[in-house]
Amino acid sequence: MPEDRPWYRDPRVVVARRDVASLSREKTIVLALLIQLFVAGFSSFLVVGLTSLYDPGSVSAGEVEMAVTGDARDALLDAAAEQEGADAVAYRNPDAAILAFQERRVDAVLNARYVEAASGDGNRIAVTARVPEGSVRSTLVVVEVRRVLNALERQERFERADSLDTDPVPLPPEASASPYFGFTYTVLVPLLLFLPAFISGSVVVDTITEEIERGTLELLRVAPVSLLDVVDGKALGMVLLAPAQALLWVLLLLVNGIPVSNVPAILLFVTAVAALVVTIGVVLGVAMRRRRPAQLLYSVLTLVVFGAAVLLPEHPATTVAKLAVDSPTLLTYGHVAGGTLLAVAAYAVARRYVADVDADAL
Amino acid sequence: MQWDKLRRVAKWEVTKNAGGIDRRTLAITAVAVVAMGGVAAIAVAGASPGLNADIYRVGVEESSPYYGVAAADGSFRIQDPNPKAVRRGEQELAFDGDRLLVPPQSGKQAAALSALRDSTESYNDRTLAREDNQTAAFPVSVTVVYQEQGGPNPLDPRGEATGDDGGTDGSSGGGGATDGSGEGTTTDGDGGTGAGDGGGGSSASGDGAAGGGGGANLGNIGARLTGDVQGGTPSDIAPPFPFESLVLAFLYIVPMNFVIQAYGSSMLSERLNRRGELLLVTPASRGDIVGGKTLPYFLGAVGVAAAITAALRFSGVAPSGSAIAVLAIVPIAMLFLAATFCGAMFARSFKELTFVTVTITVSLTSYAFIPAIFTDVTPIALISPLTLVVMDLTGQSVSLSEFAFSTVPPLVTALVLFGLGAGLYREEDMFTQRAIPLKVLDALAGRIKSRKSALKMSAILLPLVVVAELVAVAFLFVLDSVSLNVFGTNQTLAVVIVLGVVAVVEELAKSLHLYAGYAHARYERTLRSAIGLGVLSGLGFFVAEKGLLIARLSNLESLPVGNAALQGATPPSGVPLWVVALLFLFAPLALHSVTAAISSVGAQRGRGAYAAGVGVAVLVHIAYNLTVVVSLA
């Protein structure tokens, strides 16, 4: 191998370029990005849809009208007054309230009465909540009813504080926070950043087993490259593809008003995870030689490895979340460094294994 | 198709071809699966920090009442309070006693504050549960009664999302009211006597079944849902959402992904190095080969589903799981396999197959999963067969018409996909490398014999259209509750989107095969022939759609959602018969023919003109649909 060759003519780089080029030729990379966009959109859609069901305040919902009856209605009205999403109206006549419910003038009927507690120490407020059945709106109504009743419970506890050994902790002030904040950083961002890595590993399995199954590895071996060079090149291309896609997602999130902090550390970590996953793919591809068993084992093993990461002091998804939301600790940086070291070591071991494989037997 | 030949191919697939999966692979897989179980057990046991560990930094001293709250919740990291650090963005919240020192500035600080608020509420409930005076600790007890409301509701999202007309909506509400009122009256009189009732009531429209003890017993939460809990406090109210059952249902979907991966590899490897030629030259027919190669994977998928059901049933997690859950998985398994088969026929390389497989996994999983989320809320959930699984696991009864409504469309769709893919299972197509879109056209053109084929193809593609439209309705149904709220008065947004999706899907289904026919020179490229083909295609679509309507009227009447997919299919009452005939027979026929002819004229001129033609056809279709909806509203 002459030493005066420029770096981009290095056989490993050539193989890497060829693999990435074939991805773009088949337009599969476009498909991959579309899939990721779909997964992201799908999970955001789920969360936005579900959060709007459970947290009506999050999407300036129309107010939930409640009819309040019974002898404890004044306490309930007080509690409802502090809730923005609820509008409570007192009805003296319970039948009129039921009628209003039947005619859809109110969304719920709350009947609140003082009853003697079963244990005999004072009385309780017993509330019967009548809510509509069988539509998405009923979920919204139930959530709003729960919110009002929680406020009622707080208020009653406060009044009965003398009978309690420990005072309940007062609630901190309300804040107008995005209800998706936690989800975005702990689920969506890690999902988007890790997905490219897992796809990369899967593609490495494909490209290696395909060369073997089609017999084209033979042709490659005619060229002055060793099996190790071929594997290096294929791994290199796929490992580098993952952080490139991750960067794309970070920019896209930024455009959507979700800033991601500590981008260099995140990209390093994503690269390390991609390298680890690709190493698994390389070893499986060379060892199994056929796509079906190799892919099967690849998906099972990566699932196990990713699941087993729960046993680490910090799950890799949490590491990414903490970096992205800018709350990193020493432990977080420790994971980034540890992940990088582990990836380098694992790939070095994998190279030794590949170097020992008899290429002519493939 | 001959059974013994098919069986022989299946046997060959299992013994010879599956040699790729040897004992070593099986052993490693088994070890990995066991390891996965161990990891899951550890994770469930709570030995690991949650995913949102330590994302908010809270400055509290030990004397502050919030110290205990923050210490008990993994998402907070406790620091010394430091207002300067808060302003620098290095700490989210700082408290002196229970006083917040710096009002939240950034989104992160606001999120931290509302997380702390939620956390405080559950912390209070936990500490107060240890109080001696439980009456003072939990002064409010709740009973939730679910009851059907009468009368028309302008805000009812059901009529809204589906683009349905008022007449049918009213009748569907009437149908549902019968069981609603029956349920309401039983719990009516007893006010707030039973706290246990409160829990029972909160299991929502789990009907009597959940309360009757037949429901899924899924740990503590399940116990609370089934009414075993003593105190019905406000925090115990659970909105109708069968989360636990969904987690179980996910168990059924996961193995599908492994099955289709192996299946896809096996199918594509037939196409490498002309290996499939061996089978093609045997006396076995195409159907025998495809059926035989598919059968083992199909049996495997269904077998796994049966094993999961049995495990859930006999471990007591979901004691009511029965054969219905397994039967409901059959169409899902078929759909996964059919889509993978087409993918393997289209793909050029393993890499491409991987991406196609991932696409199939993602889209079919969401098809099965999203509607099932609303199992307890609305009949639209029945679009996905997975809903039947959830219903079966939670002990609700499934009627025959519900079963048919849920399983027939995906089953027929799967058969259509197998048919299209099998069109490519021949020497001249299997071993050639073409881009995926061209292969799709090949598959369609393979079924075209003469001009009459235009009629047949539109009818054949109808199941795909129905499934796509049902899925669109299910997806937009969720969005509707959002758009309804966000846009206040503008309630027609979801309707417009649904109509748009319907138009796009139907126009593509009517014209794609025409374009394939032109591309393969099966049809004459003249204006007259183009218009004639368009009319034939529209007619085929119309006939198939009305055939579906007849099937639906005969046994699926009870389902209001049936109206949703094919809007305008049921005549509203109080309209003269000739108007009905005109509106519901001739107008749609004219529409389908005209729009198909427009696309057809475009298709005969090439790709760009085809795209333009479809665009115009879609616009015409949307305009027509909007007119119908507005005039009937």
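Bear in mind that the values here come from a model prediction, so they are computed numbers and not experimental data. (Residues numbered from 1 in each chain as written. Chains lettered and ligands numbered in written order. Predicted model: local features only at pLDDT ≥ 70, side-chain atom pairs only at ≥ 80, totals over all residues.)

Peer 1: Any chance you could break down the overall build of chain B for me, citing the residues and the numbers?
Peer 2: Assigned secondary structure in chain B consists of 27 helices and 5 strands. The proportion of buried residues among the 633 residues of chain B is 51%. For chain B, the proportion of contacts with a sequence separation of at least 24, taken over those separated by at least 6, is 72%. (Helix = DSSP H or I, 4+ residues; strand = E, 2+ residues; numbered from the N terminus. Buried ≥ 20, exposed ≤ 12 C-beta atoms within 10 Å, placed from the backbone. Contact = placed C-beta atoms within 7 Å.)

Peer 1: Outline the overall build of chain A, supporting the account with residue identities and numerical values.
Peer 2: Within chain A, the regular secondary structure consists of 12 helices and 4 strands. Considering chain A as a whole, with its 362 residues, one finds that 48% of them fall into the buried category. Long-range pairs, those at least 24 residues apart, make up 72% of the contacts in chain A with a sequence separation of at least 6.

Peer 1: Go over helix α9 (residues 263-288) of chain A, please, and point to the residues and values.
Peer 2: Two residues of an α-helix separated by three or four positions point the same way, owing to the 3.6 residues in each turn. Residue and element names in this part refer to chain A. With 26 residues, α9 ought to run about 38 Å at 1.5 Å a step, and its terminal C-alpha atoms sit 37 Å apart, in line with that. The element α9 is largely enclosed, with a buried count of 19 among its 26 residues. Looking at the residues trailing α9, positive phi occurs at R289, about 70 degrees. (Expected span 1.5 Å × (residues − 1).)

Peer 1: For the pairing of strand β5 (residues 140-147) of chain B, give the residues involved together with the corresponding values.
Peer 2: Of all 8 residues that make up β5(B), 8 are buried, and the element is covered over most of its length. Residues B:V140, B:V142, B:V144 and B:Y146 line one face of β5(B) and the alternating positions B:S141, B:T143, B:V145 and B:Q147 line the opposite face, and both faces are buried. Examined bridge by bridge, strand β4 (residues 123-132) of chain A and β5(B) share 8 bridges and lie parallel to one another. Counterpart to A:A129 in the pairing with β5(B) is B:V144. (Pairing = 2+ DSSP bridges.)

Peer 1: Give me the lowdown on the domain arrangement of chain A, citing residues and values where you can.
Peer 2: Frequently, the measure chosen for interface size is the accessible area removed from exposure when the parts meet. Looking at chain A, the domain boundaries give domain 1 (7-50 + 179-361) and domain 2 (56-163). Taking only C-alpha atoms into account, the centre of domain 1 of chain A sits 52 Å from that of domain 2 of chain A. (Domains from an automatic or database assignment.)

Peer 1: Outline the nonpolar core, supporting the account with residue identities and numerical values.
Peer 2: Grouped together as the largest cluster of nonpolar side chains are 205 residues, with contacts concentrated most on A:V189, B:F336, B:A338 and B:V389. Ranked by residue count, the leading element in this core is helix α15 (residues 323-346) of chain B, at 17 residues. With residues near it in sequence (within four places) discarded, B:V389 still touches B:A249, B:Y252, B:A325, B:A328 and B:I329. Core analysis: the next-biggest nonpolar cluster, separate from the first, contains 43 residues, A:A129, A:V131, A:L149 and B:L128 among them. (Core = buried A, V, L, I, M, F, W, Y, C linked by C-beta atoms within 7 Å.)

Peer 1: Give a description of the pairing of strand β1 (residues 56-59) of chain B that names residues and reports values.
Peer 2: All names here are of chain B. Residues Y56 and V58 line one face of β1 and the alternating positions R57 and G59 line the opposite face, and both faces are buried. Two elements, β1 and strand β2 (residues 76-79), share 4 bridges in a ladder whose sense is parallel. Bridge pairing in β2 links R57 to R77. The parallel pair β1 and β2, bridged by helix α3 (residues 66-72), forms a crossover whose chirality is right-handed. As paired strands, β1 and strand β3 (residues 93-96) are joined by 2 bridges and run parallel to one another. What sits directly across from G59, in β3, is A94. (Right-handed = clockwise from strand over helix to strand, strands pointing away.)

Peer 1: Please give an account of the sheet that holds strand β3 (residues 108-116) of chain A that cites residues and values.
Peer 2: What the 5 strands build is an open sheet, ordered β2(A)-β1(A)-β3(A)-β4(A)-β5(B); its pairing is mixed. Whereas interior strands pair on both sides, the edge strands pair on one side only; in this sheet they are β2 (86-90) of chain A together with β5 of chain B. On average, adjacent strands in this sheet sit at an angle of 25 degrees to one another, irrespective of strand direction. Set on the sheet, helix α3 (residues 73-81) of chain A makes contact with β1 (64-69), β2, β3 and β4 of chain A; between it and β2(A) the angle comes to about 155 degrees. The strands touched by helix α4 (residues 94-102) of chain A are β1, β3 and β4 of chain A; relative to β1(A), the strand with the most contacts, the crossing angle is about 160 degrees. (Axes fitted to C-alpha atoms, helices over the stretch in contact; angles between N-to-C directions.)

Peer 1: Which residues make up the UniProt feature "transmembrane region" (unreviewed entry) in chain A, and what values do they have?
Peer 2: Residues and elements named next belong to chain A. Per the UniProt record, "transmembrane region" (unreviewed entry) is annotated on residues 28-50, 180-205, 235-259, 265-287, 294-312 and 332-350. Between the end C-alpha atoms of residues 265-287 the distance is 33 Å, and the span holds 100% helix and 0% strand. As annotated, residues 332-350 has a helix share of 100% and a strand share of 0%, and its two end C-alpha atoms lie 27 Å apart. (UniProt positions renumbered as here; feature names shortened; annotations may be inferred.)

Peer 1: Tell me about the sheet that holds β3(B), and please be specific about residues and values.
Peer 2: Residue and element names in this part refer to chain B. Pairing is mixed in the open sheet, where 4 strands are placed in the order β2-β1-β3-β4. Bordering the open sheet on either side are β2 and β4 (99-100), each of which pairs with just one other strand. In this structure, β3 lies alongside β4, joined through 2 bridges in antiparallel fashion. The residue of β4 that forms the bridge with F95 is L100.

Peer 1: Tell me about unusual backbone geometry, and please be specific about residues and values.
Peer 2: With a phi close to 70 degrees, A:R289 is a non-glycine residue in the positive phi region. Its location among the elements puts A:R289 in the loop between α9 and α10 (291-308). Overall, the presence of 18 C-beta atoms within 10 Å leaves A:R289 in the partly exposed class. Although it is not a glycine, B:A521 adopts a positive phi angle of roughly 55 degrees. For B:A521, the location among the structural elements is in the loop between α23 (493-519) and α24 (527-555). For B:A521, a count of 9 C-beta atoms within 10 Å translates into the label exposed.

Peer 1: Break down helix α8 (residues 227-255) of chain A for me, with residues and values.
Peer 2: Its 29 residues give α8(A) an end-to-end C-alpha distance of 43 Å, which sits within 8% of 42 Å, the value for a rise of 1.5 Å per residue. Of the residues one or two after α8(A), A:G257 is the one with positive phi, at around 80 degrees.

Peer 1: Tell me about the packing of α8(A) against α9(A), and name the residues and values.
Peer 2: All names here are of chain A. Their axes nearest at 9 Å, the elements α8 and α9 cross at an angle of 145 degrees. Note that α8 runs across α9; the crossing there is right-handed. Along the contact surface, α8 presents V231, A235, M238, V239, A242, P243, A246, L247 and V250, while α9 presents V263, L267, V270, T271, A274, A275, V278, V282 and V286. Residues belonging to the contact of α8 with α9 are distributed by class as follows: 17 nonpolar, 1 polar and no charged. (Left-handed = near helix turned anticlockwise from the far one by under 90°. Nonpolar A, V, L, I, M, F, W, Y, C, P; charged D, E, K, R; others polar.)

Peer 1: Tell me about the packing of α15(B) against helix α17 (residues 385-393) of chain B, and name the residues and values.
Peer 2: Residues and elements named next belong to chain B. One way to put it is that α15 packs onto α17 with a least axis distance of 8 Å and a crossing angle of 170 degrees. It follows that α15 is roughly antiparallel to α17 by the angle criterion. As α15 runs across α17, the sense of the crossing is left-handed. Contact residues: I324, A325, A328, I329, P331 and I332 in α15; P385, L386, L388, V389, D392 and L393 in α17. Class assignment for the residues of the contact of α15 with α17 results in 11 nonpolar, no polar and 1 charged. (Parallel < 35°, antiparallel > 145°, perpendicular 65-115°, else oblique.)

Peer 1: Let's hear about the environment of B:G264: which residues, and what values?
Peer 2: Residues and elements named next belong to chain B. Counting through the fold element by element, G264 comes out in helix α12 (residues 243-271). Remark: the alpha-carbon pair of G264 and M345, spanning 81 residues in sequence, is separated by 9.1 Å. Beyond its immediate stretch of four places on either side in the chain, G264 contacts T340, G343, A344, L353 and T357.

Peer 1: Account for the confidence of the model for chain B, naming residues and giving values.
Peer 2: Interpretation of the predicted coordinates at a detailed level should be avoided for regions scoring low in pLDDT. Residue and element names in this part refer to chain B. When pLDDT is averaged along chain B, the result is 74; 72% of the residues meet or exceed 70. Model confidence for chain B, summarised as mean pLDDT per element, is weakest for helix α10 (residues 207-214) at 30 and strongest for α15 at 93. Note on residues 151-231: pLDDT is under 50 here. Beyond four places in sequence and across chains, it has 166 contacts. Long-range and interchain partners of residues 553-571, a stretch whose pLDDT sits below 50, account for 41 contacts in this model, where long-range means more than four residues apart. (pLDDT = per-residue confidence, 0-100.)

Peer 1: Tell me about the environment of B:A368, residues and numbers included.
Peer 2: Residue and element names in this part refer to chain B. Of note, A368 is situated in helix α16 (residues 350-372). The buried category is assigned to A368, around which 26 C-beta atoms lie within 10 Å. For A368 and T627, which are 259 residues apart along the polypeptide, the C-alpha to C-alpha distance reads 33 Å. Apart from the residues lying within four places of it in its own chain, the contact partners of A368 are I253, I332, S384 and L386.

Peer 1: Talk me through the confidence of the model for chain A; I want residue IDs and the actual numbers.
Peer 2: All names here are of chain A. Across chain A, the average pLDDT comes to 82, with 89% of residues at 70 or higher. Averaged pLDDT values over the elements of chain A bottom out at 65 in helix α2 (residues 28-54) and peak at 94 in α9. A low-confidence stretch, residues 56-61 stays under pLDDT 50, and its non-local contacts, those more than four residues away or across chains, total 19 contacts.

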